[in-house]
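# Fold and geometry: a report
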Amino acid sequence: MPLLFQAPPLSLHYFAAAVSRRATVAVASAARSSSSSSAPFDAAAFEAERLRLDAAARDGMASAAAAAGAAAEADPRAWKWAIRKRVWDALEAEGVARDPRPVHHRIPNFDGAAAAADSLGRLDVFQNAQCVKVNPDSPQKQVRFLTLSVDGIFSVLDSQMIPIGCIPEACTSVGAAKYGKSIGLDERLKVDLIVIGSVAVDPNSGARLGKGEGFAELEYGMLRYMGAIDDSTMIVTTVHDKQLVDDIPVEKLLVHDVPVDIICTATQVIFTNTAIPKPQGIYWEKLSPEKLGQIRILRELKRRIEQETGTVLPCGPSEKLPPTAQRGRRRPRRR
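Bear in mind the structure is a predicted one, so any value in this text is a computation, not a measurement.

About the criteria used
Numbers given for residues are sequential positions, taken from 1 along each chain in its written order. It should be noted that, the model being predicted, local features are given only for residues of pLDDT at least 70 and side-chain atom pairs only at 80 or more, the latter also being counted only at that level, while totals for whole chains, interfaces and linings use all residues. Values reported for side chains reflect all heavy atoms of the structure, with hydrogen atoms and water molecules removed beforehand. In this scheme, a residue with accessible area under 20% of its type's maximum is buried, one over 50% is exposed, and one in between is partly exposed, where area comes from a 1.4 Å probe on protein chains only. A run of H or I in DSSP counts as a helix once it spans at least four residues, and a run of E counts as a strand once it spans at least two, with each numbered from the N terminus. Should DSSP find at least two bridges between two strands, the strands are taken to pair. Residues are treated as being in contact if the distance between any of their heavy atoms lies within 4.5 Å. Polar contact is defined as a pair of N or O atoms within 3.5 Å, subject to the rule that within protein one atom must be able to donate a hydrogen and the other to accept it, and that residues adjacent in sequence are counted only when both atoms are side-chain atoms. Salt bridge criterion: a side-chain nitrogen from Lys or Arg within 4 Å of a carboxyl oxygen from Asp or Glu. In this description, a nonpolar core means a group of buried Ala, Val, Leu, Ile, Met, Phe, Trp, Tyr and Cys residues linked to one another through side-chain atoms lying within 4.5 Å. In this analysis, the expected span of each helix is defined as 1.5 Å times one less than the number of residues it contains. In this analysis, axes come from line fits to C-alpha atoms, helices being fitted only over the stretch in contact, and the angle between any two N-to-C directions falls in the range 0 to 180 degrees. An angle below 35 degrees is read as roughly parallel, one above 145 as roughly antiparallel, one from 65 to 115 as roughly perpendicular, and any other as oblique. Here is the rule for handedness: rotate from the far helix to the near one, and if that takes an anticlockwise turn smaller than a right angle the crossing is left-handed, while a clockwise turn gives right-handed. Charged residues are taken to be Asp, Glu, Lys and Arg, nonpolar residues to be Ala, Val, Leu, Ile, Met, Phe, Trp, Tyr, Cys and Pro, and polar residues to be all remaining types, Gly included. The predictor rates its confidence in each residue with pLDDT, a number between 0 and 100.

Turning our attention to the pairing of strand E11 (residues 234-238). Of all five residues in E11, four are buried, a share of seventy percent or more. The sheet contact formed by strand E8 (residues 193-196) and E11 spans four bridges and is parallel. Residue pairing for E11: Val-195 is matched across the bridge by Val-236. As paired elements, E11 and strand E12 (residues 262-264) share three bridges and run parallel to each other. Note that in E12 the partner of Val-236 across the bridge is Ile-262.

Laid out in structure tokens, this is it:
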């Protein structure tokens, strides 16, 4: 079946096909698109840089979480960090966290991630999809494999360009950068299903918390602008049962927070019937100038909308940008 696998930190994603149907696998990362496609890809350099920036990003998020906790009454995001920390701590303490460790400040990998993915793979909404977007995090690797391993024709990440036996590699961040071809805002796409990573999710409301960087929300907003998705596009997450919570206050969610329709764990499938509105696009008044300055495709989108409408779009308050947002400015070195 089809997959849309996103490359970090902000990309459009991998689009894959499956079940003997046509679909697309697309990878769009600023680092990849800015590189020469004729030079050989240096996987070791790419992975080393990715790990370095991942560590720096987690340090940055840890500092942000500590600052929010110290000013809990004044910081409107403090409650989110409290829930995230509780879930991360529980996964580690109860022995269900899996590499990469520690799971703090990540979309956490967990024991049973493959089984949760298999639960998703049996759903009609997955089986019937022509194109699926999947996030690049470790616990969703099996979802990407299920999508890419079925015979299909790939228009952006062409299956014929992936050597025999290399589909598992193509499911990784390195493999996506190695085999993928960038897509732009004018790409004509129809995404049937979104698989999104979560730190915590409420099965009663469909409310979801990510790791705190906001990239999933920005990518969702760009796909809305491209016409690739709409309100009817189902959003699924795969998590451990320990990530199910009942204290995410829906009234405190922001307009760009993305809810989920279906939750898959190793033991159950939950249809949330969420009533939380899905974001309608990019909320420019929430987007800081620092983040906008680091993400080329967002600047391109902003410039295009302003030219089309003849108006100047608003900008959000300034922020200290997590290091992950700077990945797009780095080119993977090539041999």
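Moving on from the model shown.
Neither face of E8 is left uncovered, since the one carrying Leu-193 and Val-195 and the one carrying Ile-194 and Ile-196 both have all their residues buried. Where strand E6 (residues 132-134) and E8 come together, three bridges link them in parallel fashion. Its bridge partner being in E8, Val-134 is matched across the sheet by Val-195.

Turning to the side chain of Ser-205, a few remarks are in order. Among the secondary structure elements, Ser-205 is positioned in the loop between strand E9 (200-201) and strand E10 (208-209). Ser-205 sits in the buried class, given a relative accessible area of 14%. Ignoring sequence-local partners within four residues, the contact set of Ser-205 consists of Val-250, Thr-272, Thr-274, Ala-275 and Ile-276.

Along the polypeptide, Asp-261 turns up in the loop between E11 and E12. Reaching out from Asp-261, the side chain makes a polar contact with the side chain of Lys-278 at a distance of 2.8 Å. In this structure, Asp-261 is in contact with Thr-233, Met-234, Ile-235, Ile-270, Phe-271, Thr-272, Asn-273, Thr-274 and Lys-278, ignoring residues within four places of it in sequence.

Overall, the coordinates contain 13 salt bridges when judged by the stated rule. Note that Arg-208 and Glu-217 form a salt bridge whose closest N and O atoms lie 3.2 Å from each other. Overall, the relative accessible area of 5% leaves Arg-208 in the buried class. Glu-217 gets classed as buried once you look at its relative accessible area, which sits at 13%. The residue Asp-261 makes a salt bridge to Lys-278 at a minimum N-O spacing of 2.8 Å. Here Asp-261, found in the loop between E11 and E12, pairs with Lys-278, found in the loop between strand E13 (269-271) and helix H10 (289-294); they are 17 residues apart in sequence, far enough to count as distant. In this pair, the class of Asp-261 matches that of Lys-278, namely buried.

Trp-284 and Leu-298 are the most contacted members of the largest nonpolar core, which totals 32 residues. Among the secondary structure elements, those contributing two or more residues to this core are E8, helix H9 (215-226) and helix H11 (296-309). Looking at which element gives the most residues to this core, the answer is H9, with seven residues. With near-sequence residues (within four places) excluded, Trp-284 lies in contact with Leu-292, Leu-298, Leu-301, Lys-302, Ile-305, Leu-313, Pro-314, Cys-315 and Gly-316. Membership of the second largest hydrophobic core comes to 18 residues, among which are Ile-83, Val-87, Ala-97 and Val-199.

Our focus in this paragraph is H11. Compared with the 20 Å implied by 1.5 Å per residue over 14 residues, the 20 Å span of H11 between its first and last C-alpha is a close match. Those residues of H11 not exposed but buried are Ile-297, Leu-298, Leu-301, Lys-302, Arg-304, Ile-305 and Glu-306.

Another point: the environment of Pro-163. Relative to the helices and strands, Pro-163 resides in the loop between strand E7 (153-154) and helix H7 (167-170). Along the primary structure Pro-163 and Tyr-179 are separated by 16 residues, whereas in three dimensions their C-alpha atoms are 9.6 Å apart.

Packing of H9 against H11 brings their axes to within 12 Å, and their N-to-C directions diverge by 40 degrees. When the axes of H9 and H11 are compared, the pair comes out oblique. In the packing of H9 onto H11, the handedness of the crossing is left-handed. Of the residues in H11, those touching H9 at Leu-218, Met-222 and Tyr-225 are Ile-297, Leu-298, Leu-301, Arg-304, Ile-305 and Glu-308. Split into classes, the residues belonging to the contact of H9 with H11 amount to seven nonpolar, no polar and two charged.

When you line up the elements, Asp-247 lands in the loop between E11 and E12. Distance in space between the C-alpha atoms of Asp-247 and Trp-79 is 9.8 Å, their sequence separation being 168 residues. Within the local environment of Asp-247, its side chain forms a polar contact with the side chain of Arg-86, the two groups lying 2.7 Å apart.

Time to look at the confidence of the model for the protein. In this model, the protein carries a mean pLDDT of 76, and residues with pLDDT of at least 70 account for 65%. Note that residues 1-38 has pLDDT below 50 and, in this model, 206 contacts with residues that lie over four places away or in other chains.

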